[in-house]
Structure formats: structure tokens, C-alpha cells
Amino acid sequence: AQEGVRAAQDTFRALVGELSSAKGRLREEAEEDAVRLAMAIARRVLHRELTTDPEAILGLVRAAWDRVDARETQRLRLSPGDAATVRAHRAALNFPDRVEVVEDASLPSGSAIFETNRGSLDASVTTQLSEIERGLTDVLARHKAVTR
């Protein structure tokens, strides 16, 4: 009878161990899935916003303009529709006349690439979302390493 109890206890301990490791693995998978879902939702919402409100690009351009050195900025490349919107609101954005706003048919709506003397700044929605996703993935990886 004691051997039967010990065998049952050993089986029970093994099951508890398996459940414990499965719990951690499932939590990690759920966190990764949550990040992917959040990023997919953000992409959809931003794409819809840019599609329905042509002036939505102005906030993106304004925020990026504040980050670049205005004295070194030579050109801003945008999709044709976004370029027209930015040109129409150039004064409100405080763009100097020397900064050229260029239509680039290869860029999708929501793209904004500032070209400066030192290189370029890609302030596109997709680039910013990729950076956010990379940051969240790094946080999850660090959390995973700490909890192991």
C-alpha cells in the first residue's frame, strides 16, 4: 500500500511540475500574442486614420520636425497625397522655404522621410510602430530572462 501511495505521490509531483512549467510557458506565449495583437490593432487604426483624415499626416510631420535640426534639413519626402496636404499647411508647420517638400510615389501614405546634411530621419508610421514593437519585444525578452 505504501508503494502505491509513493507511486501516486511521485506521479502527482511530476504532474504539478509539468503544470507549473506549462503555466509559465503559456503566460509567455500570451504576452507575445498580446503584443502582436496590440501592434496589429495600432496599425489598422493608424491606417484608417490616415485614410479618412488626410490632415492626420500633419501631426506626424510636426512631431518629427521638432526632432530634426531645422538648419540642416533640406528635403521632406512624402507620398503624393501627403505631400499636397503638407504643402497646403506649410506655414502652420513653420517650414522654411528652403526645405523642399517632395512627392515620392514609392512611399505609402503615412510615410515621412526628412533628408538632412547628416543623413535621413524616417518618421513614417510603419517605422515608428516597428520601433515600438521592437521595444516591447525587448522588454518581454528581458522579463523572460529575469524570471527564469
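About the criteria used
- Residues numbered from 1 in each chain as written.
- Predicted model: local features only at pLDDT ≥ 70, side-chain atom pairs only at ≥ 80, totals over all residues.
- Heavy atoms only, no water.
- Helix = DSSP H or I, 4+ residues; strand = E, 2+ residues; numbered from the N terminus.
- Contact = heavy atoms within 4.5 Å.
- Buried < 20%, exposed > 50% of the residue type's maximum accessible area, 1.4 Å probe, protein only.
- Core = buried A, V, L, I, M, F, W, Y, C linked by side-chain atoms within 4.5 Å.
- pLDDT = per-residue confidence, 0-100.
- Salt bridge = Lys/Arg side-chain N within 4 Å of Asp/Glu carboxyl O.
- Expected span 1.5 Å × (residues − 1).
- Pairing = 2+ DSSP bridges.
- Axes fitted to C-alpha atoms, helices over the stretch in contact; angles between N-to-C directions.

So, on to the side chain of Ser-79. Considering the arrangement of structural elements, one finds Ser-79 in the loop between strand E1 (73–78) and helix H3 (80–88). In this structure Ser-79 touches Asp-104, Leu-107, Pro-108, Ser-109 and Ser-111, once residues within four positions along its chain are discounted.

The next thing to look at is the side chain of Ser-111. Assignment of secondary structure puts Ser-111 in the loop between strand E2 (100–103) and strand E3 (112–116). Given the relative accessible area of 4%, Ser-111 is considered buried. Each residue touching Ser-111, except ones within four places of it in the same chain, is listed here: Ile-57, Arg-77, Leu-78, Ser-79, Asp-82 and Ser-124.

Further remarks concern the nonpolar core. Counting 24 residues, the largest nonpolar core has Val-61, Leu-76, Leu-78, Val-86, Phe-95 and Phe-114 as its most contacted members. Contributing elements (two or more residues each) for this core: helix H1 (2–52), helix H2 (56–67), E1, H3, E3 and helix H5 (125–147). If you tally residues by element for this core, the top one is H2, at 6 residues. In this view, Val-61 contacts Leu-76, Leu-78, Val-86, Leu-93, Phe-95, Ala-112 and Phe-114; residues no more than four positions away in its chain are not counted.

Summing up the model confidence of the chain, the mean pLDDT is 89 and the portion of residues at 70 or higher is 99%. Within the chain, the element-level pLDDT minimum falls on H5, averaging 86, and the maximum on E2, averaging 96.

Let us now look at the pattern of salt bridges. Tallied over the full model, the rule gives 12 salt bridges. Between Arg-13 and Asp-10 there is a salt bridge, with its nearest N and O atoms 3.2 Å apart. Separated by 3 residues within a single helix, Arg-13 and Asp-10 lie in helix H1, roughly one turn from each other. A relative accessible area of 46% places Asp-10 in the partly exposed class.

Turning our eyes to something else, we now look at H1. For H1, spanning 51 residues, the distance from its first C-alpha to its last is 73 Å, which sits close to the expected 75 Å at 1.5 Å a residue. Those residues of H1 lying buried are Ala-22, Gly-24, Glu-28, Val-35, Met-39 and Leu-50. Where the residues of H1 are buried, they touch H2 and H5.

Turning next to H5. With 23 residues, H5 ought to run about 33 Å at 1.5 Å a step, and its terminal C-alpha atoms sit 33 Å apart, in line with that. Listing the buried residues of H5 in full gives Val-125, Leu-129 and Leu-140. For H5, the elements touching its buried residues are H1 and H2.

Turning our eyes to something else, we now look at the sheet that holds E2. Strand order across the open sheet formed by 4 strands is E2-E1-E3-E4, with mixed pairing between neighbours. In this open sheet, the two strands that pair with only one neighbour each are E2 and strand E4 (119–122). For this sheet the average axis-to-axis angle between neighbouring strands, irrespective of direction, equals 20°. Sitting on the sheet, H2 is in contact with E1, E3 and E4, with an inclination near 25° to E3. Each of E1 and E2 touches H3; the most contacted strand, E2, lies at about 155° to it.

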